[in-house]
Structure formats: structure tokens, C-alpha cells
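Coordinates in review
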Amino acid sequence: MRTVTVAGAQLGPIQKAESREQVVARMIDLMDQAKAKGADLIVYPELALTTFFPRWYMEDQAEVDKWFEKEMPNAATQPLFDRAKEYGMGMSFGYAELTPDGHHFNTSILTDKTGRIVGKYRKTHLPGHAEFDTERAFQHLEKRYFEPGDTGFPVFRTMGGIFGMCICNDRRWPEVYRVMGLQGVEMVVLGYNTPSVNSQKGEEAGDKRIFHSNLSMQAGAYQNSTWVVGIAKAGSEDGHPLMGGSVIINPDGEIMAQAKTEDDELIVHACDLDDTIFGKETIFNFAKHRRIEHYGLITSQVGVVVPPEK
Ligand code: ING
């Protein structure tokens, strides 16, 4: 048994006017609750420190940069790192990263039980668009404000297991889980900020969004025999609704815990990393069963190339 008790710390909405200090206080309150439930690891959402600012069109780079962190930890987040260290609790959360040499990433970190950052991941798959789109009901400007991540999909040894991260839209791409699966990942932690409505398809029902989100993460978990923890920032941010539905999914692809609200909400589950072994040694024993001589298009071709008309 290698049990890691995971607390998924879903955040409710963060309004544009809310300060990082106010948000960190909410995150610490969830961490206190997690401690009371014996959590070893707490997982927060994507861009956990601010509102989902890519919904706002901005031209002044100085205004854009206000949403980014120039160092981590920093004055606003140090109390969170201090509390995690006091509790001996690992944590993962997402934030907008502005590097010393001027690069802008949608980033997530993983700390160990001593509060040390042991892993960093920068979001690879940026959805949305770079210019103001008059056709959309609302903007989704991640391609405007972030560069595609440069980390790839690394995994990290900590807390007695092998952990990986991805962020939001990454969870929809099977390659993401497989690259980590090929490194033996036993738990993928990810945060998301997913609009409850489709900016291009108004009539899409909210429950289909939850369905697609769960389908993607459950498939990733099952097909790589890994735990997947997907944690939302949810609720209405300045009138823009984000879906909830935070989940903890086991290596068989089964949902073991799911959030019920669109507010700050903790979901907790004792995850035995040894539950990943059977799948990795049998049906998804990659070394025994994969036939990579037939998979070439997956990395040699970006888009679709259809066969010629007869
Ligand atoms: N958000 C959304 C996500 O992938 C999205 C964007 C929503 C794309 C629904 C496609 C369909 O969950 C982020 N931040 O990636």
C-alpha cells in the first residue's frame, strides 16, 4: 500500500477585483480543512491566484503583466508555502508565470512535503485565439497572453510515487497522458478553468461540458493506469460562468470523488498508488503490447491529411 490522501481544493469564482491575498486566504482555509482530513497532497486549479483574465482583451502589455507572477513563492503566496510546510503537505497549483527573461507561461507547480518546489509544468495546448474575435460570445485569449509551454510532460518522484501535471485544455489530448504513462506516471494532477458555455456554440448544454471533461480524464486514467485529479475554478466570475465538477479518478477510470458545488469545496480520497500496478503489468503493459512502428503519424504530422479522391 502506498496511500496518498489527496484533497482536491476546488475554488469558487475569483472576481477581477479580488486581490491575491484574499485568494490565498481562501486557499489556506481549504488547506486547513485538508489537514483536518489527513491529506498528504492538496491540488488547486489552473490560474488559482486570479480571475481567468484571458477572457479580457488587453493591448497594454503592462496591464497584461499585472496578472503574472515574477517569482514563486512571492510575498502573496509565501503564507501558503509556510502553511503547507507546517502541515507537511505537498501541493500543486497553477498561476501565470512571467520569467526573468520575459516569457509568459500558464504554469503549474508541485511541491513536496517540505514545501520545496519539486516540479514545474508549463501548459502546452493553448485553446482559444490571439486577436479579438467578434464572432464569439466572449473572448478566450490564451494564445494572446501565453506562449506554448517549453517543459514537455515531465514526471517527478515524490511522496513515494511518480507524479505528473498538465493544465486544463491539455486534459483533452490523449498524447499528454501517454507521454507521462511512458514514464510510469502514477498520479496526474491538473487544474482547469472551463467556461460553462461554448463561446462558439451557444446551445451546447452545460452537462455536455462536464461529460467531455470527465470522458477525457477518465480515458487518460484508464489507458495509462494512473490516478487523475482534475480540479476546477468554478462559478460566475464577473458574470462569466465556469463549470465545476472537480474529480478524483482511479486507475480503472472510475470517479472516486466529485465536487457538488461551484464554490470553494474540498473533495478527499485516499489514493493507493499500488492500484496502478495491475493495469501497468497487464492490459496496458506498454512494452509487451504497443506497436510503435505503426504510430508514426502521431508525431510526424500536425493536422489531418485526407486520402486523395478516387
Ligand atoms: N479552458 C477550456 C478547456 O479546455 C475549452 C477551453 C473549453 C476548450 C471547452 C474546448 C472546449 O477546458 C482552458 N482554460 O483550457
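All of the points below concern the structure found in this document. (Residues numbered from 1 in each chain as written. Predicted model: local features only at pLDDT ≥ 70, side-chain atom pairs only at ≥ 80, totals over all residues. Heavy atoms only, no water.)

1. Focus on the side chain of Ser213
Convention followed: A run of H or I in DSSP counts as a helix once it spans at least four residues, and a run of E counts as a strand once it spans at least two, with each numbered from the N terminus. Burial status follows relative accessibility: with a 1.4 Å probe on protein chains alone, a residue under 20% of its type maximum counts as buried, one over 50% as exposed, and anything between as partly exposed.
You can see Ser213 is positioned in helix α6 (residues 206-223). Its relative accessible area of 1% is what places Ser213 among the buried residues.

2. Some words on the site of the ligand
Rules: One heavy atom within 4 Å of a molecule or strand makes the whole residue count as near it. Each polar contact in these results corresponds to two N or O atoms within 3.5 Å; when the atoms are within protein, one needs to be able to donate a hydrogen and the other to accept it, and residues that are neighboring in sequence are counted only if both atoms are side-chain atoms.
Inspection of the region around the ligand gives 13 residues, with Cys168, Asn169, Arg172, Thr194 and Arg209 positioned closest. Within the side chain of Asn169, an N or O atom sits 2.8 Å from an oxygen atom of the ligand. In this structure, a nitrogen atom belonging to the ligand sits 3.1 Å away from a main-chain N or O atom of Asn193.

3. A few points about a nonpolar patch on the surface
Rule in force here: Patch rule: a residue counts if its relative accessible area is over 30% and it has no salt bridge; like charges are joined within 9 Å, and nonpolar side chains (Val, Leu, Ile, Met, Phe, Trp, Tyr) within 5 Å. All accessible areas in this document rest on Shrake-Rupley with a 1.4 Å probe, and a residue is counted as covered only by the protein chains that are shown. Criterion for a salt bridge: a side-chain nitrogen of Lys or Arg within 4 Å of a carboxyl oxygen of Asp or Glu.
Taken together, the side chains of Ile292, Tyr295 and Ile298 define a hydrophobic patch exposed on the protein surface, amounting to about 300 Å² of accessible area. Looking at the secondary structure, you find Ile298 in helix α9 (residues 297-300).

4. Let's talk about the layout of surface pockets
Our working definition: Think of a 1 Å grid over the protein atoms and nothing else: a 1.4 Å probe that fits but is trapped marks a cavity, an open set flanked by protein within 12 Å on at least five of seven lines marks a pocket, and residues with an atom within 4 Å of a point count as lining. Grid points are joined across faces, edges and corners, and a volume is the space filled by probe spheres set on the points. Think of it as three bins: nonpolar holds Ala, Val, Leu, Ile, Met, Phe, Trp, Tyr, Cys and Pro, charged holds Asp, Glu, Lys and Arg, and polar takes everything else, Gly as well.
The calculated volume of the largest pocket comes to roughly 630 Å³. Contributing to the lining of the largest pocket are 23 residues, with Pro174, Glu175, Arg178, Ile298 and Thr299 lying nearest its centre. Sorting the residues of the lining of the largest pocket by element identifies α5 (174-181), α6 and α9 as the ones contributing at least two each. For the lining of the largest pocket, the residue count by class is ten nonpolar, eight polar and five charged.

5. Concerning the nonpolar core
Test applied: By nonpolar core is meant a set of buried Ala, Val, Leu, Ile, Met, Phe, Trp, Tyr and Cys residues that side-chain atoms within 4.5 Å join together. Residue contacts follow a heavy-atom distance rule, with two residues in contact if any of their heavy atoms lie within 4.5 Å.
Ranked by internal contacts, the top residues of the largest apolar core, which has 39 residues, are Val6, Leu41 and Met187. With residues near it in sequence (within four places) discarded, Met187 still touches Val6, Leu41, Ile162, Phe163, Gly164, Thr226, Trp227, Val229, Cys271 and Leu273. Ranked by size, the runner-up nonpolar core spans 27 residues in total, among them Ala7, Leu11, Ala48 and Phe93.

6. Some words on the pattern of salt bridges
The final tally for this structure, using the stated rule, is 19 salt bridges. For Glu18, the salt bridge goes to Arg26, with nearest N and O atoms at 2.9 Å. Its salt-bridge partner being Glu131, residue Arg144 comes within 3.3 Å of it at the nearest N-O pair. Here Glu131 lies in the loop between β5 (117-122) and α4 (142-145) and Arg144 lies in helix α4, a separation of 13 residues in the sequence. A network of salt bridges, in which partner residues are shared, links Glu97, Lys120, Arg122 and Asp150.

7. As for the sheet that holds strand β6 (residues 155-158)
What counts here: For two strands to be treated as a pair, DSSP must find no fewer than two bridges joining them. Orientation is described by lines fitted to C-alpha atoms, with helices fitted over the stretch in contact, and by angles between N-to-C directions that extend from 0 to 180 degrees.
Pairing is mixed in the open sheet, where six strands are placed in the order β6-β7-β8-β9-β12-β13. Across the chains shown, the open sheet's two edge strands, defined by having one partner strand only, are β6 and β13 (255-258). For this sheet, the mean inter-axis angle between neighbouring strands, taken without regard to orientation, is 20 degrees. In this sheet, strand β9 (residues 227-232) lies alongside strand β8 (residues 187-192) in parallel orientation, the contact comprising six bridges. Bridged to Gly191 within β9 is Ile231.

8. Here we look at the sheet that holds strand β3 (residues 90-98)
Across a sheet, strands are paired by hydrogen bonds formed along the backbone, either parallel or antiparallel in direction. The mixed open sheet is built from six strands, whose spatial order is β5-β4-β3-β2-β1-β14. This sheet does not close on itself; its edge strands, each paired only once, are β5 and β14 (265-272). For this sheet the average axis-to-axis angle between neighbouring strands, irrespective of direction, equals 25 degrees. Pairing of strand β2 (residues 41-43) with β3 involves three bridges; the strand directions are parallel. Along β3, the bridge assignment pairs Leu41 with Gly90. The sheet strands contacting helix α1 (residues 20-36) are β1 (3-10), β2, β3 and β14, and the helix crosses β14 at an angle near 45 degrees. Helix-sheet contacts for helix α3 (residues 78-87) involve β3, β4 (104-111) and β5, and the interaxial angle to β3 is about 160 degrees.

9. Topic: empty space enclosed by the protein
In this structure the tally under the stated criterion is two cavities of 30 Å³ or more. Here the largest cavity is characterised by a volume of approximately 80 Å³. Partitioning the lining of the largest cavity into residue classes produces six nonpolar, three polar and one charged. Of the pockets and cavities examined, the second largest cavity occupies roughly 40 Å³. Lining the second largest cavity we find Tyr44, Pro45, Glu46, Ser92, Phe93, Gly94, Ser108, Cys166, Ile167, Val189, Leu190 and Gly191. Residues belonging to the lining of the second largest cavity are distributed by class as follows: seven nonpolar, four polar and one charged.

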